[in-house]
Structure formats: structure tokens, C-alpha cells
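Structural features, examined
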Amino acid sequence: MTPKAIGLSASLHEYLLAHGAGVDPVAQELIDTTVELGGVAEMQIAADQGAFMTMLTRLLGVQFAVEVGTFTGFSAMSIARGLPEGAKLLCCDVSEEWTSIARAYWERAGVAHKINLVIAPAAETLAALPAEPTIDLAFIDADKPSYLRYYEEIVQRLSPNGIILVDNVLWDGQVADPHAIASGDQNLQAILEFNDAVVADPRTTQVMLPVADGLTLITHAP
């Protein structure tokens, strides 16, 4: 399994997985099935990130979670495994093809009953949610130019102790590479804009972690 964390060697990555990620056979098969899709498999989160998200969801006692960008379902499986019975995860995606893989593995993992998948533009799905602050945990990992829009829809619905997780905030290290920034890459520019906007937002406080490709945790400002 190729390391996704920046600067992490293959041997150290294997050690990390062996001592923390706890990838079970169903999750491993989903990871392997996704890898077989080719280059798009890069959209799948890392196994260690999945383990972190499961633990965080469990520790927070999340009752309602939202995911923007589901792909083949590993991140959703990770969140759902941390949810108590009766809690729900709303998944937003536009691909029937990729999420059909997700549905099959959610069933096998025994978490399908916790997940509501909506195939539609995520911004529309989020905007249709009640205005009340009921989202306990949100995970954003979709089209980068829309990150700020997703963030705005979620932050106003975030419960008092809720948290937003945002993926790919280091963009393979390019956020600190002047040559990459000068290239004008649309996704990189969107990530830079998002990172700057979150830091400047007085409504929230955040910490950026070097987990996989960079993971920002955002909560209400104290």
C-alpha cells in the first residue's frame, strides 16, 4: 500500500498501519477494489486517516454526520463505524458508478443502515438541510473549487461542539511550493483560497494536521 502521508517512507508507513490503522478484511478488499480503478484511486483516503476518523467519530458521540464526496465509500465506512446505533451519516455524491461499489461494501461491513446516500450536487443537498445546527461531524473531500461553498453551507449548521474535517489541504506539498503556485493550477489555487479563508474566519478555529495529504479540523471559535 503506497504511503499517502507527505514525507513518510514505505517502511514507516507499513509500521504505522501495523500499529494503528487496524484494516480489517472488508476494508482491505474495498481498498484493493478501488486501487484496481487506476489513477482515480488517489481520491480514496488513506487507511490511517480512516482509522483516525472512526475514532474521532466515536469519541465525539456523533449523532448526525455529513460527507461531501463519497467515491467508493471507504471514508463513509470509516465514519459510519464510529457512529452509535440510531445515528446517521448523509453522503453527498454525483456518481452512481463509484457509489455502487460503496453500497456493496457498506452492506458487507454492516453499516449500510446508518448511511443515507444522495446522488445530486452536494451544494444543493446541503442547502436543502434544515437551518438548525445539527451537524456533529462533516467531512469535505470533493471538487476543490467548491470547498468554500460546502464549508459555508455546513458551518452555519454545525452543532455547538461539532467539527468539520477537510481533506487534501496540503495538496501533495504544493501549497508551500512557489513553482507549483505559479503554475496557476485550478485545484491548487482553490485549496490555497480555502485555507486562507478558514484562517481568517472569526466564526471558527482550526488546526491543520499532516495526516495523509493534510487534514484540517475546524470547530466553532471559543
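Everything that follows concerns the structure shown earlier in this document.
Below you will find a few notes about this structure. (Residues numbered from 1 in each chain as written. Predicted model: local features only at pLDDT ≥ 70, side-chain atom pairs only at ≥ 80, totals over all residues. Heavy atoms only, no water.)

**With respect to the overall build of the protein**
For the protein, the helix and strand inventory stands at nine helices and seven strands. At 17 Å, the protein has a C-alpha radius of gyration in line with the 17 Å of a compact globule built from 222 residues. For the C-alpha atoms alone, the extent of the protein along its principal axes is close to 40 × 40 × 30 Å. Out of the 222 residues belonging to the protein, those deemed buried represent 49%. A separation threshold of at least 6 residues defines the contact pool for the protein, and within that pool the share at least 24 residues apart is 70%. Counting only carbon and sulfur atoms, one obtains 58% of the accessible surface of the protein, whose full area is about 10300 Å². When the 11 basic and 28 acidic side-chain charges of the protein are each reduced to a single mean position, those positions are 8 Å apart. (Helix = DSSP H or I, 4+ residues; strand = E, 2+ residues; numbered from the N terminus. Rg over C-alpha atoms; globule rule 2.2 N^0.38 Å. Buried < 20%, exposed > 50% of the residue type's maximum accessible area, 1.4 Å probe, protein only. Contact = heavy atoms within 4.5 Å. Areas by Shrake-Rupley, 256 points an atom, 1.4 Å probe, with all protein chains shown as cover. Lys, Arg positive; Asp, Glu negative; His and termini not counted. Charge placed at Lys NZ, Arg CZ, Asp CG, Glu CD.)

**Some remarks on the nonpolar core**
Ranked by internal contacts, the top residues of the largest apolar core, which has 37 residues, are L89, W106, I115, L137 and L165. Tallying contributions element by element places helix α4 (residues 74–82) first for this core, with five residues. Those residues in contact with W106 that lie beyond four places of it in its chain are T70, G73, A76, M77, C91, V111, A112, I115 and L117. If you look at the next biggest cluster of nonpolar residues, it comprises 29 residues, including L129, I135, Y147 and L192. (Core = buried A, V, L, I, M, F, W, Y, C linked by side-chain atoms within 4.5 Å.)

**Some details on a nonpolar patch on the surface**
Taken together, the side chains of L37, V40 and M43 define a hydrophobic patch exposed on the protein surface, amounting to about 210 Å² of accessible area. Tracing the sequence through the fold places V40 in the loop between α2 (25–35) and α3 (47–60). (Patch = residues over 30% accessible without salt bridge, like charges linked within 9 Å, V, L, I, M, F, W, Y side chains within 5 Å. Salt bridge = Lys/Arg side-chain N within 4 Å of Asp/Glu carboxyl O.)

**A look at the environment of I164**
Note that I164 resides in strand β5 (residues 158–167). Among the residues examined, I164 registers a relative accessible area of 0% and is labelled buried. For I164, the contacting residues outside a window of four places in its chain are A138, I140, Y151, I154, V155, L158, T216, L217 and I218.

**Topic: the pairing of strand β3 (residues 115–119)**
As defined by bridge partners, strand β2 (residues 88–93) adjoins β3 across five bridges and the pair is classed as parallel. Its bridge partner being in β3, L89 is matched across the sheet by I115. Taking the sense of rotation as the criterion, the β-α-β connection linking β2, helix α5 (residues 96–109) and β3 turns out right-handed. (Pairing = 2+ DSSP bridges. Right-handed = clockwise from strand over helix to strand, strands pointing away.)

**Points about the packing of α2 against α5**
One can describe the packing of α2 onto α5 by two numbers: an axis separation of 10 Å at closest approach and a directional angle of 170°. By the criterion of interaxial angle, the relationship of α2 to α5 is roughly antiparallel. Remark: the crossing between α2 and α5 carries right-handed chirality. Two secondary-structure elements touch here, α2 through V26, E29, L30 and T33 and α5 through I101, Y105, R108 and A109. Residues of the contact of α2 with α5, tallied by class, amount to five nonpolar, one polar and two charged. (Axes fitted to C-alpha atoms, helices over the stretch in contact; angles between N-to-C directions. Parallel < 35°, antiparallel > 145°, perpendicular 65-115°, else oblique. Left-handed = near helix turned anticlockwise from the far one by under 90°. Nonpolar A, V, L, I, M, F, W, Y, C, P; charged D, E, K, R; others polar.)

**Some thoughts on the sheet that holds strand β6 (residues 204–209)**
Strand order in the open sheet formed by seven strands is β3-β2-β1-β4-β5-β7-β6, and the pairing between neighbours is mixed. Of all the strands in the sheet, just β3 and β6 have a single pairing partner and so form its edges. In this sheet, adjacent strand axes meet at a mean angle of 15° when their direction is disregarded. As paired elements, strand β1 (residues 64–68) and β2 share five bridges and run parallel to each other. When the sheet's bridge partners are listed, A65 is paired in β2 with L89.

**Details of the packing of aromatic side chains**
Summed over the entire model, instances satisfying the criterion amount to three aromatic pairs. Relative to W98, the ring of F71 lies with its centre 4.9 Å away and its plane at 85°, an arrangement referred to as edge-to-face. In this pair, F71 is assigned in the loop between β1 and α4 and W98 in helix α5, connecting sequence segments 27 residues apart. Ring centres of Y151 and F194 lie 5.8 Å apart, and the angle between their planes is 90°; this geometry places the pair in the edge-to-face category. Pair noted here: Y151 is in helix α7 (residues 147–155) and F194 is in helix α9 (residues 186–200), with a separation of 43 residues, a long-range link. Comparing Y151 with F194, the two get one shared label, buried. Following the ring pairs from residue to residue traces out a cluster consisting of Y147, Y151 and F194. (Phe/Tyr/Trp six-rings, centres within 6.5 Å; stacked < 30°, edge-to-face > 60°.)

The analysis is restricted to geometry; functional conclusions fall outside its scope.
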